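Single-letter residue listing:
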Amino acid sequence: MARIAVLGSGMVGETLANGFLKDGHDVMRASRDLTKLHSWKKHAGAKAQIGHFDQACDFGELLVLSVKGSAAESVVRQCGSRLRGKTIIDTTNPISDEPADNGVLRFFTGPNDSLMERLQTLSPKANFVKAFNSIGYAHMVQPQFGATKPTMFICGNSNVSKNTVREILLKWGWDVEDMGLVESARALEPLCQLWCIPGFTKNQWNHAFKLLKI
């Protein structure tokens, strides 16, 4: 993978884009409003580019979807057939615009639904892999939790794409657990809610999940 496209202008997209740049990849970040990315482009170096979503989809051999959950379906529709056959790291969560309930984020999906399933239905030939949705952006690349490697849970329908994402995660300091096919996103997306509760209620944001085995 020489070329990475990161769809989204927020801090998740910036963190992951910078991680790929550090690894030597060519990276294009995309947004509907390119003015949001001018400062990043100015400081990111020669391998960094910016463009609109369609340009980024054509550019990237691997894509990262890091837009707001409420915008994710619209972006996937806009990209259309350009997503066909590509591996897409889906960092999104279906967070509602409504306020949290005592620290618990509200989702616009139900218990037998997930945002990634909706995205996969919109683009059935794309290879979505859920990852990076259960950790804050400050800990996404080379997380530091002492001697313990945190666990990143992933899921998706393509084993080839999941292996690609697994290699990225391992290089960036994670243990990886493959939780199965796209329906497993119904369980992985709510990890965002669990992760955020200590932050909203106690202002504690420096934590991660770890799966223990015997």
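Throughout, a residue's number is its position along its own chain's written sequence, starting from 1. Owing to the predicted nature of the model, reporting of local features is limited to residues with pLDDT of at least 70; listing and counting of side-chain atom pairs is limited to 80 or more, with chain, interface and lining totals taken over all residues. Heavy atoms from the whole structure form the basis of all side-chain values; hydrogens and water molecules are not counted.

Right, let's talk about the layout of surface pockets for a bit. The gaps left among the atoms become clear once a water-sized probe is rolled over them. A volume near 560 Å³ is recorded for the largest pocket. Points on a 1 Å grid over protein atoms alone make up a cavity when a 1.4 Å probe fits among them but cannot get out, and a pocket when they form an open set with protein on both sides within 12 Å along at least five of seven lines; lining residues each have an atom within 4 Å of a point. V12, T91, N93, I95 and C192 are the residues nearest the centre of the largest pocket, which is lined by 27 residues in total. If one sorts the elements of the lining of the largest pocket by residue count, helix α8 (residues 190–202) sits on top with 4 residues. Asp, Glu, Lys and Arg are counted as charged, while Ala, Val, Leu, Ile, Met, Phe, Trp, Tyr, Cys and Pro are counted as nonpolar; the rest, among them Gly, fall into the polar class. For the lining of the largest pocket, the per-class residue count stands at 14 nonpolar, 11 polar and 2 charged. Grid points are joined across faces, edges and corners, and a volume is the space filled by probe spheres set on the points. There is about 170 Å³ of room inside the second largest pocket. Each helix is a run of H or I in the DSSP string that is no shorter than four residues. Each strand is a run of E no shorter than two, and both are numbered from the N terminus.

Further remarks concern the pattern of salt bridges. Salt bridge, as applied in this entry: a Lys or Arg side-chain nitrogen positioned within 4 Å of an Asp or Glu carboxyl oxygen. Considering all chains together, one arrives at 16 salt bridges under this definition. The partner of E61 in a salt bridge is R3, and the shortest N-O contact between them spans 4.0 Å. Within this pair, whereas E61 is found in the loop between α3 (53–59) and β4 (62–65), its partner R3 is found in strand β1 (residues 3–7), the two being separated by 58 residues in sequence. Burial classes: relative accessible area under 20% of the type maximum marks a residue as buried, over 50% as exposed, and values in between as partly exposed (1.4 Å probe, protein chains only). Among the residues examined, E61 registers a relative accessible area of 38% and is labelled partly exposed. A relative accessible area of 33% places R3 in the partly exposed class. In this structure, K68 and D97 form a salt bridge, with 3.8 Å as the shortest nitrogen-oxygen distance. Taken together, the residues K68 in the loop between β4 and α4 (69–79) and D97 in the loop between β5 (87–90) and α5 (115–122) connect sequence positions 29 residues apart. By relative accessible area, which is 57% here, K68 ends up exposed. When salt bridges with common partners are traced through the structure, they connect E73, D113 and R118 into a single cluster.

Moving on: the sheet that holds β1. In this scheme, strands are said to pair when DSSP sees at least two bridges between them. Overall, parallel pairing links the 6 strands, which are arranged β3-β2-β1-β4-β5-β6 in an open sheet. Lying at the two open borders of the sheet, with one neighbouring strand each, are β3 (48–51) and β6 (127–130). Within this sheet the neighbouring strands show an average axis-to-axis angle of 25°, counted without direction. Relative to β5, β4 is paired through 4 bridges, and the arrangement is parallel. Each residue of the ladder has a partner; that of L65, found in β5, is D90. Together, β1, β2 (26–30), β3, β4 and β5 form the strand contacts of helix α1 (residues 11–22), whose direction differs from that of β2 by roughly 165°. When checking whether two residues touch, look at their non-hydrogen atoms; a contact exists if any pair is within 4.5 Å. Axes here refer to lines fitted to C-alpha atoms; in helices the fit is confined to the stretch in contact. Angles between the N-to-C directions go from 0 to 180 degrees. α5 contacts β4, β5 and β6 of the sheet and is inclined by roughly 170° relative to β6.

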